[in-house]
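Here's the letter readout for the chains.
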Amino acid sequence: MIVTVVGPTASGKSDFALDLAEMLLGQPWFQAVFPGGVEIVGADAFQLYRGLDIGTAKTPKTERRGIPHHQIDVLAPHEEASVAAYQRYARADVLGIQARAALPLVVGGSGLYVRALTDKLAFPPTDPAVRARWLSRLEALGASALHEVLAERDPVAAGRIDPNNGRRLVRALEVIELTGQPFSASLPDGTYWQDDTLQFYCTRDLADLDTRIAVRTRAMFAGGLVEETRGLLADTEHPLGVTARKATGYREAAGVLKGELSVAEAVEQTALATRQLSRRQIKWFRREARLVELAMSSKEFGVLLTQASQQIRGYAHAD
């Protein structure tokens, strides 16, 4: 069995997951079904990186309540994260957890990473030369022209890809050229990798979520985000890679170090970027009909924990 706790940034999913794990560990039925306990598998693209702690809201080791965590701090800042590599290693973690008779609890807000782990999802090959050629056509002709080409070669994929999403159009046409197969053949169809998968989605009222984002952003800067960024930028042997630099907050903290932003301006810009990120995450997860929604703004944690525990028990077929 696999259980996930997903949701937008600052929704409280990490704390909820830890509380849920502790509740489960205290229940006799759970101990009988999962004598190995609970282990958490991260599904956050930026928490993969060592050293990116404050800005990614990574749960400190001292606050993980003795529960093993996987897929956190597995990459150096100069390395590039890959969803295909994540799928390979995270699934190995899940299988290892299950072999120990424990429950894998997947926690994170990176929708594609969650889907790569939970769904039957293959990653077609890539070729830099082929991709570069399509990127050149995108630059010269625009996304609408590439969408017309895709509509001729794979109408199903064209119907599912935003005509303005040049990156996705390039990838689709690259895959078609390399494999000779429709790109739509590689798209997920909503089938789980493991049938007994239960997914919880932590939601909040937008006003509540934005308040939590503002509070957390101020706490990050007060807690040393600028100093953490200074240390990362000073490591010339392992400089921040392209992916790591995209982590919200670090670009703004770097602006403070360069004298381009005041701390107050950096806080404001980081909060804005985080709100925008949360909206993209919400849009992603709302498309997923299989998620069990947990309205965290409207109910006490205890009620939600009990509901989640009962549903897990049902899925586990515990007597």
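Residues numbered from 1 in each chain as written. Predicted model: local features only at pLDDT ≥ 70, side-chain atom pairs only at ≥ 80, totals over all residues. Heavy atoms only, no water.

Asker: Before we go on, may I ask you to explain the overall build of the protein chain in this structure?
Answerer: A tally of helices and strands in the protein chain yields 13 helices and six strands. Taking 2.2 N^0.38 as the reference for a compact globule, 319 residues should give roughly 20 Å; the C-alpha atoms of the protein chain span a radius of gyration of 21 Å, in line with that estimate. Dimensions of the protein chain, computed from C-alpha atoms along their principal axes, come out at roughly 65 × 50 × 40 Å. Within the protein chain, the proportion of its 319 residues that are buried is 49%. Sequence separation of at least 24 residues holds for 78% of the intrachain contacts in the protein chain that already meet a minimum separation of 6. Approximately 15,400 Å² of the protein chain is accessible, and the part contributed by carbon and sulfur atoms is 52%. (Helix = DSSP H or I, 4+ residues; strand = E, 2+ residues; numbered from the N terminus. Rg over C-alpha atoms; globule rule 2.2 N^0.38 Å. Buried < 20%, exposed > 50% of the residue type's maximum accessible area, 1.4 Å probe, protein only. Contact = heavy atoms within 4.5 Å. Areas by Shrake-Rupley, 256 points an atom, 1.4 Å probe, with all protein chains shown as cover.)

Asker: Got a minute to help me understand the packing of helix 9 (residues 206–222) against helix 12 (residues 263–286) in this structure?
Answerer: Geometry of a packed helix pair, given as the angle between the helix axes and the separation of the axes. Where helix 9 meets helix 12, the closest approach of the two axes is 9 Å, and the angle between their N-to-C directions is 140°. The pairing of helix 9 with helix 12 is recorded here as oblique in orientation. The element helix 9 and its partner helix 12 pack so that their crossing is right-handed. In this structure, helix 9 contributes Leu206, Leu209, Asp210, Ile213, Arg216, Thr217, Arg218 and Phe221 to the contact, and helix 12 contributes Val263, Ala266, Val267, Thr270, Ala271, Thr274, Arg275, Ser278, Arg279 and Ile282. (Axes fitted to C-alpha atoms, helices over the stretch in contact; angles between N-to-C directions. Parallel < 35°, antiparallel > 145°, perpendicular 65-115°, else oblique. Left-handed = near helix turned anticlockwise from the far one by under 90°.)

Asker: Sorry if this is basic, but what is going on with the nonpolar core here?
Answerer: Soluble, globular proteins show a tendency: their nonpolar side chains are buried together. Val41, Leu52, Tyr86, Tyr113, Leu117 and Phe221 are the most contacted members of the largest nonpolar core, which has 44 residues in total. Of all the secondary structure elements, the ones that give two or more residues to this core are strand 1 (2–6), helix 3 (83–99), strand 4 (102–108), helix 4 (111–118), helix 9, helix 10 (225–234), helix 11 (250–257) and helix 12. Setting aside residues up to four positions removed in sequence, Val41 forms contacts with His70, Gln71, Tyr86, Ala90, Asp93, Val94, Ile97, Leu105, Val106, Val107 and Leu117. By size, the runner-up hydrophobic cluster in this structure holds 28 residues, among which are Phe16, Leu24, Val107 and Leu294. (Core = buried A, V, L, I, M, F, W, Y, C linked by side-chain atoms within 4.5 Å.)

Asker: Sorry if this is basic, but what is going on with the UniProt feature "binding site: ATP" (unreviewed entry) in the protein chain here?
Answerer: UniProt records the feature "binding site: ATP" (unreviewed entry) for Gly7, Pro8, Thr9, Ala10, Ser11, Gly12, Lys13 and Ser14 in the present numbering. With respect to the secondary-structure elements, Gly7 resides in the loop between strand 1 and helix 1 (13–25). Setting aside anything within four residues of it in sequence, one finds Gly7 in contact with Lys13, Gly108, Gly109, Tyr201, Cys202 and Phe285. Here Ser11 shows up in the loop between strand 1 and helix 1. Apart from the residues within four sequence positions on either side, Ser11 is in contact with Cys202, Arg204, Leu209, Arg212 and Met296. (UniProt positions renumbered as here; feature names shortened; annotations may be inferred.)

Asker: Help me out: how do you make sense of the UniProt feature "binding site: substrate" (unreviewed entry) in the protein chain in this one?
Answerer: Annotation from UniProt places "binding site: substrate" (unreviewed entry) at Thr9, Ala10, Ser11, Gly12, Lys13 and Ser14. Position of Ala10 among the secondary structure elements: in the loop between strand 1 and helix 1. Those residues in contact with Ala10 that lie beyond four places of it in its chain are Arg204, Leu209, Arg212, Ile213 and Arg216. We classify Ser11 as buried; its relative accessible area is 0%.

Asker: What's the story with helix 3 in this structure? I'm lost.
Answerer: Think of an α-helix as turning once every 3.6 residues; residues three or four places apart then point the same way. The terminal C-alpha atoms of helix 3, which comprises 17 residues, lie 24 Å apart, in line with the 24 Å expected from a rise of 1.5 Å per residue. Within helix 3 the residues assigned to the buried category are Val83, Tyr86, Gln87, Ala90, Arg91, Asp93, Val94 and Ile97. Down the axis of helix 3, the buried side of the element spans an arc of 160°, and every buried residue falls inside it. Facing away from the buried side of helix 3 by more than 90 degrees, the exposed set consists of Arg88 and Ala99. Buried residues along helix 3 sit in contact with strand 1, strand 2 (37–42), strand 3 (69–70), strand 4 and helix 4. The positive-phi residue at the C-terminal boundary of helix 3 is Ala101, with phi of around 60°. (Expected span 1.5 Å × (residues − 1). Arc of directions from axis to C-beta.)

Asker: Looking at this model, I keep getting lost on the pattern of salt bridges. Mind explaining?
Answerer: Here the idea is simple: oppositely charged side chains can pair when their charged atoms come close. Following the criterion strictly, the structure yields 14 salt bridges and no others. Ionic pairing is found between Arg100 and Glu39, a salt bridge with its closest N-O pair at 2.9 Å. Separated by 61 residues along the polypeptide, Arg100 in the loop between helix 3 and strand 4 and Glu39 in strand 2 bring together distant segments of the chain. Overall, Arg100 belongs to the partly exposed group, its relative accessible area being 42%. Accessibility expressed as a relative area gives 7% for Glu39, which makes it buried. In this structure, the salt-bridge partner of Asp73 is Lys58, at a minimum N-O distance of 2.5 Å. (Salt bridge = Lys/Arg side-chain N within 4 Å of Asp/Glu carboxyl O.)

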